[in-house]
Amino acid sequence: MLAAMDTEFEQLEGRVGALIARVRELDEQNERMAAVLAEVLKENAELKFLVEETRNRVADLIGRLPGDAEETA
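Scoring rules and cut-offs
- Residues numbered from 1 in each chain as written.
- Predicted model: local features only at pLDDT ≥ 70, side-chain atom pairs only at ≥ 80, totals over all residues.
- Heavy atoms only, no water.
- Helix = DSSP H or I, 4+ residues; strand = E, 2+ residues; numbered from the N terminus.
- Buried < 20%, exposed > 50% of the residue type's maximum accessible area, 1.4 Å probe, protein only.
- Areas by Shrake-Rupley, 256 points an atom, 1.4 Å probe, with all protein chains shown as cover.
- Salt bridge = Lys/Arg side-chain N within 4 Å of Asp/Glu carboxyl O.
- Patch = residues over 30% accessible without salt bridge, like charges linked within 9 Å, V, L, I, M, F, W, Y side chains within 5 Å.

Counting its secondary structure elements, the chain contains two helices and zero strands. Counting only C-alpha atoms and orienting by the principal axes, one finds that the chain spans roughly 110 × 15 × 5 Å. Here the chain holds 73 residues, and 0% of them are scored as buried. Carbon and sulfur atoms make up 60% of the accessible area of the chain, which amounts to about 7100 Å² in all.

Attention now moves to the pattern of salt bridges. Tallied over the entire structure, the rule returns three salt bridges. Between Glu 25 and Arg 22 there is a salt bridge; the shortest N-O distance is 2.7 Å. Here the residue Glu 25 and the residue Arg 22 both occupy positions in helix 1 (residues 2-64), the gap between them amounting to three residues, near one helical turn. One salt bridge connects Asp 60 with Arg 64, and the closest N-O pair in it is separated by 3.2 Å. Taken together, the positions of Asp 60 and Arg 64, both in helix 1 and four residues apart, correspond to about one turn of that helix.

Another point: the environment of Ile 62. Inspection of the secondary structure assignment puts Ile 62 in helix 1. Residue Ile 62 is classed as exposed on the basis of its relative accessible area of 54%.

Another aspect to go through is a nonpolar patch on the surface. On the surface, a nonpolar cluster with roughly 760 Å² of combined accessible area is contributed by Met 1, Leu 2, Met 5, Phe 9, Leu 12, Val 16 and Ile 20. For Leu 2, the position within the fold is in helix 1.

Written out as structure tokens, the structure is:
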């Protein structure tokens, strides 16, 4: 009876150890993914800024084009 309980405890200990290792692995993976996400969000914000800046410059250039009234005069 004691041998069976020892075996069960050893199996349980192994499973708990594996679970702890998996939790640590997932925690490390989560940290890496959080860092990647932060970098991607930063890059996205920079690209949005550049798109808006480009949009404004194009609108300014379009505003400088001669209009229909100037062409017919």
